[in-house]
Amino acid sequence: MTDSSPRRADGYAPIRDYAAIGDGRTVALIARDGSIDWLCLPNLDSPSVFGALLDARRGGRFVLAPAGPSRVERRYVPGTNVLETTFRTSDGAARVTDALTLPGAGLPPLRELVRRVEGISGDVRMAWRFEPRFGYGRVAPRIARRQRALIATSGGEALAVSSWDAGDPRIEGAAAGAEFTVSEGGSAMIVLATATQEPVVLPGRAAVERRLADTIEFWQGWTGKRRYEGAWSEAVLRSALVLKLLAYAPSGAIAAAATTSLPEHPGGQRNWDYRFSWVRDAAFTLAALLSLDSDEEATTFLWWLLQASQRTHPRLDVLYRLDGGTGTRERELELEGYGGARPVRIGNGAASQLQLGIYGELLEAALLHVSAHGRLDRDSGRRIAEIATLVCSLWRQPDLGIWEVRSDPRHFTHSKMLCWVALDRALRLAQNAIPGTRAPLWRHTADQIRDFVEHRCWSEEKRSYVRAQGSNEVDASLLLSGVVGFTDPGGRRALGTIAAIRRELAHGPLLHRYRGDDGLPGDEGAFLACSFWLVDALARAGRVDEAAELMDELVSLGNDVGLYSEEIDPSSGAFLGNMPQGLTHLALVNAAVSISRAAA
Amino acid sequence: MNLLAALAGGFVGTLVITTLLQLATELRLTRVDIPFLLGTAFTEERDEAKAVGYAIYALAGVAFSVVYWAVFSALGQASWWLGLLFGLLHGLFLGAVVMNILLPAVHPRMGSSSSAANDGSLIEPPGFMMLNYGAQTPAVSLVAHAAYGAIVGWFIAAAG
């Protein structure tokens, strides 16, 4: 928790300023100045109704803050995804509790966003403004007063704002709001109820209070069941809560992030939609969830992945929609973009890329599941064996690699290593979980891949694995060579690769992914997950003190409520890329667990 | 006039009207959800409300065919176009009176002009011709009810 006045540049809050709340279906991002600048309805991957994050003028927002200047402290209610923001003004202090409530007592709206104001001291003049824009800022609806609520509709969507002791709202075209004073001991409440393809339910205050209390109780109960006793437990549990926030409850998929098109470079073009589930993250996800005793989420995610990939079997798409679908066509929106970073994209064209590493990720995830639960059903086992056999025919092809470059396909070293992982895990699974009739082929191909990597993807000059066959560059993904067991994590090749990557890609505790061409214009920040992979690699290499020191530095880089985006600008410390970023939090958990295990 | 034919027509007509209304909501033409409105009169549980609502809606759809049969019998003739006309009247009455006035008056969880601060969760009322659920709702409802009437009329006329 920090205490400072919020600031914006040209209408845009720093990405670091955002906290996230969610309900297992969607996520809202709230800036330090009390503005909800991002909310998609009814689901995380639906169009936004508040999208000021991507267009400060046309995107829409829902602001609740003191009417005058204030200083801000924030925290999550301990063990929850419910946010508490304390505003301190010259006249007193007020606390705002923000939550997307979970269905419970009473007839709940389809989705419900609660903003409760409590007076802590003095008399604080508060103001709120509801400015919805449907369809990614495309539709500015007329707002009508109906019964006790303000209702905005567009097509099959409706938003209703009910308020209690929060002033008499005035409607001004496509916006509405009010001012009110909250005194010490007093409270007010503003609730956004939403409906899709049904009449909107206007909640009663008592029911909302009950649901808010139940929501806090649920999150605390869920966090209480997570088992982690190592260092950095606060950061690890916050990461677990972020992952739960990104888990789409109707299917079990876990989104890569809650947003689209937050730029990887200020004003740049590297702006992508991350509201999909990446196969690449599968093994990291299973490992993190299982180590936190989140068996239920881990199993649900794996079953979702196996079901989604059935449509493309035996090939895998790079990513799938949260509902398991494969339609992820990429297109550009007519929005200004965060801080002018255009284009703003929805959909993701990387889905149909050839990315060989994902086969290893899936097989590793399956092995982790079997290690934890002892079995895999017969049909899944058969399909996994078929996928392993497919790898034997695919591995010689060049691909676009873990970073989904948009330049020509290459023989990326990480991709080949993960093909080896796929076959190694298949051979292990064949002992008790999948049919092993093709095991001789898998073994033979795994040996060929190892031979290829060791001879063609290793540079004696750099004493490191290199980015691709014949390349002279390094790549931070190669930190995983020891983590995935391709090479001895404490051996000469793993240590040489760690040294080369630090030499060529590090900027303090931060790492760039690579330096070479990727087919895209512009630069990008340091990739946070890679820094946590470095911690993981150091811990597995037995350099535990060094790993712990680096971990301390990285944990201190989170924002005031412990969240991370995808990247950081090494020179300014500004967050870059989508937020909050699942892969960063997965890598944080896995790094902390590795240190705990190495130190034990 | 064959009552069994009317009941069969009512069954098929209910399938069609339900499908048409759902199609219209999927196409984002309206937010009307009659099973949800009916079911929430009996329970606060969303899923249960939808299941109960669909059951009531199906029974009502078949029961209404008996009313159509009675009117056709009184007139001494039945045809698909006469049914279509009855369907339009049925849709108009439903939108202007039943959903606009009667349902909010009796539904325990629907907002009305007498709702007060001590009420719990309230469902947004449909309004005249269910316009609160979208500007195209009256057209959707009239088309769906006209289809229902035409089907019931055709079944009764075909059975002789």
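Residues numbered from 1 in each chain as written. Chains lettered and ligands numbered in written order. Predicted model: local features only at pLDDT ≥ 70, side-chain atom pairs only at ≥ 80, totals over all residues.

### Observations concerning the overall build of chain B
Part 1 of the reasoning: Helix and strand counts for chain B come out as five helices and one strand.
Part 2 of the reasoning: Scanning chain B from its N terminus toward the C terminus, one meets helices and strands in the order α-α-α-α-β-α.
Part 3 of the reasoning: Overall, chain B is about 55 × 30 × 30 Å in size when its C-alpha atoms are taken along their principal axes.
Part 4 of the reasoning: Taken across its 160 residues, chain B has 46% of its residues classed as buried. (Helix = DSSP H or I, 4+ residues; strand = E, 2+ residues; numbered from the N terminus. Buried ≥ 20, exposed ≤ 12 C-beta atoms within 10 Å, placed from the backbone.)

### What to know about the overall build of chain A
Part 1 of the reasoning: Within chain A one finds 14 helices and 30 strands.
Part 2 of the reasoning: Computed over its C-alpha atoms, the radius of gyration of chain A comes to 24 Å, within 12% of the 25 Å expected for a compact globule of 600 residues.
Part 3 of the reasoning: Projected onto its principal axes, the C-alpha positions of chain A cover 75 × 45 × 45 Å.
Part 4 of the reasoning: When the 600 residues of chain A are sorted by exposure, 60% land in the buried category.
Part 5 of the reasoning: A separation of at least 24 residues holds for 68% of the contacts in chain A among residues at least 6 apart in sequence. (Rg over C-alpha atoms; globule rule 2.2 N^0.38 Å. Contact = placed C-beta atoms within 7 Å.)

### Topic: the domain arrangement of chain A
Residue and element names in this part refer to chain A.
Part 1 of the reasoning: Domain parsing of chain A yields domain 1 (15-211) and domain 2 (233-599).
Part 2 of the reasoning: With centres defined by C-alpha atoms, the gap from domain 1 to domain 2 works out at 35 Å.
Part 3 of the reasoning: Across the boundary between the two partners, domain 1 contributes 26 residues, which contact 30 residues of domain 2.
Part 4 of the reasoning: If you list the elements that add at least two residues to the side of domain 1 that touches domain 2, you get strand S2 (19-22), strand S3 (27-30), strand S7 (71-76) and helix H1 (134-137).
Part 5 of the reasoning: In terms of residue class, the side of domain 1 that touches domain 2 is built from 13 nonpolar, six polar and seven charged. (Domains from an automatic or database assignment. Nonpolar A, V, L, I, M, F, W, Y, C, P; charged D, E, K, R; others polar.)

### Observations regarding helix H14 (residues 582-599) of chain A
Part 1 of the reasoning: With 18 residues, H14 of chain A extends 26 Å between its outermost C-alpha atoms, agreeing within 8% with the 26 Å of an ideal straight helix rising 1.5 Å per residue.
Part 2 of the reasoning: Taken across its 18 residues, H14 of chain A has 14 buried, putting it largely inside the fold. (Expected span 1.5 Å × (residues − 1).)

### Looking at the confidence of the model for chain B
Part 1 of the reasoning: Averaged over every residue, the pLDDT of chain B is 92; residues scoring 70 or more account for 96%.
Part 2 of the reasoning: Ranking the elements of chain B by mean pLDDT puts strand S1 (residues 122-123) of chain B last, at 88, and helix H5 (residues 137-159) of chain B first, at 96. (pLDDT = per-residue confidence, 0-100.)

### Quick word on the packing of helix H4 (residues 282-291) of chain A against helix H6 (residues 357-373) of chain A
All names here are of chain A.
Part 1 of the reasoning: Their axes nearest at 7 Å, the elements H4 and H6 cross at an angle of 25 degrees. Compared by their axis directions, H4 and H6 come out roughly parallel. When H4 is examined against H6, the residues Ala 282, Ala 283, Leu 286, Ala 287 and Leu 290 are found in contact with a partner set consisting of Glu 361, Leu 362, Glu 364, Ala 365, Leu 368, His 369 and Ala 372.
Part 2 of the reasoning: Classifying every residue of the contact of H4 with H6 by side-chain character gives nine nonpolar, one polar and two charged. (Axes fitted to C-alpha atoms, helices over the stretch in contact; angles between N-to-C directions. Parallel < 35°, antiparallel > 145°, perpendicular 65-115°, else oblique.)

### Focus on the sheet that holds strand S28 (residues 526-527) of chain A
All names here are of chain A.
Part 1 of the reasoning: With antiparallel pairing, three strands are arranged side by side in an open sheet as S28-S29-S30. Lying at the two open borders of the sheet, with one neighbouring strand each, are S28 and strand S30 (575-576).
Part 2 of the reasoning: The pairing of strand S29 (residues 567-568) with S30 spans two bridges and is antiparallel. Note on S30: the bridge partner recorded for Ile 568 is Phe 575. (Pairing = 2+ DSSP bridges.)

### Here's the deal with the interface of chain A and chain B
Part 1 of the reasoning: Across the boundary between the two partners, chain A contributes 21 residues, which contact 20 residues of chain B.
Part 2 of the reasoning: Counted by class, the side of chain A that touches chain B contains 11 nonpolar, seven polar and three charged residues.
Part 3 of the reasoning: Alignment of strand S17 (residues 201-202) of chain A against S1 of chain B, held across two bridges, turns out to be antiparallel. Bridged to Leu 202 of chain A within S1 of chain B is Leu 122 of chain B.

### Focus on the packing of H4 of chain A against helix H5 (residues 295-309) of chain A
Residues and elements named next belong to chain A.
Part 1 of the reasoning: Packing of H4 against H5 brings their axes to within 8 Å, and their N-to-C directions diverge by 160 degrees. One finds that H4 runs roughly antiparallel with respect to H5. Seen from above, H4 lies across H5 with left-handed handedness. For the pair H4 and H5, the contacting residues are Ala 282, Thr 285, Leu 286, Leu 289 and Leu 290 in the first and Asp 295, Glu 297, Ala 298, Phe 301, Leu 302 and Leu 305 in the second.
Part 2 of the reasoning: For the contact of H4 with H5, the per-class residue count stands at eight nonpolar, one polar and two charged. (Left-handed = near helix turned anticlockwise from the far one by under 90°.)

### Brief notes about the pairing of strand S11 (residues 143-146) of chain A
Residue and element names in this part refer to chain A.
Part 1 of the reasoning: Note: S11 against strand S12 (residues 149-154), four bridges, orientation antiparallel. Residue Ala 144 lies in a different strand from S12, and its bridge partner there is Ile 151.
Part 2 of the reasoning: Hairpin remark: S11 followed by S12, antiparallel, with two residues in the connecting loop; positive phi at Gln 147, about 50 degrees.

### Regarding the nonpolar core
Part 1 of the reasoning: Ranked by internal contacts, the top residues of the largest apolar core, which has 256 residues, are Ala 255, Tyr 359, Leu 362, Leu 479, Trp 533 and Val 535 of chain A.
Part 2 of the reasoning: Examining the composition of this core, we find that 11 residues originate from one element, H5 of chain B, more than from any other.
Part 3 of the reasoning: With sequence-adjacent residues up to four places away left out, Tyr 359 of chain A is seen in contact with Leu 316, Ile 387, Val 391, Leu 418, Cys 419 and Ala 422 of chain A. (Core = buried A, V, L, I, M, F, W, Y, C linked by C-beta atoms within 7 Å.)

### Concerning the pairing of strand S10 (residues 111-131) of chain A
Residue and element names in this part refer to chain A.
Part 1 of the reasoning: Here strand S6 (residues 61-66) runs beside S10; their pairing, made up of six bridges, is antiparallel. Residue Leu 64 lies in a different strand from S10, and its bridge partner there is Trp 128.
Part 2 of the reasoning: Of the strand pairs in this sheet, S10 and strand S15 (residues 175-183) are connected by eight bridges, and their pairing is antiparallel. Residue pairing across strands places Met 126 opposite Phe 180, the latter belonging to S15.

### Quick look at unusual backbone geometry
Part 1 of the reasoning: Cis geometry marks the peptide bond from Leu 41 of chain A to Pro 42 of chain A, where omega comes out at 5 degrees.
Part 2 of the reasoning: Here Pro 42 of chain A lies in the loop between strand S4 (35-40) and strand S5 (48-50).
Part 3 of the reasoning: Residue Pro 580 of chain A follows Met 579 of chain A across a cis peptide bond; omega there is -15 degrees.
Part 4 of the reasoning: Here Pro 580 of chain A lies in the loop between S30 and H14.
Part 5 of the reasoning: Despite not being glycine, Arg 28 of chain B has its phi angle at roughly 60 degrees, a positive value.
Part 6 of the reasoning: Structurally, the position occupied by Arg 28 of chain B is in the loop between helix H1 (3-26) and helix H2 (34-39).
Part 7 of the reasoning: Under the C-beta neighbour-count criterion, Arg 28 of chain B is labelled partly exposed, with 15 such atoms within 10 Å.

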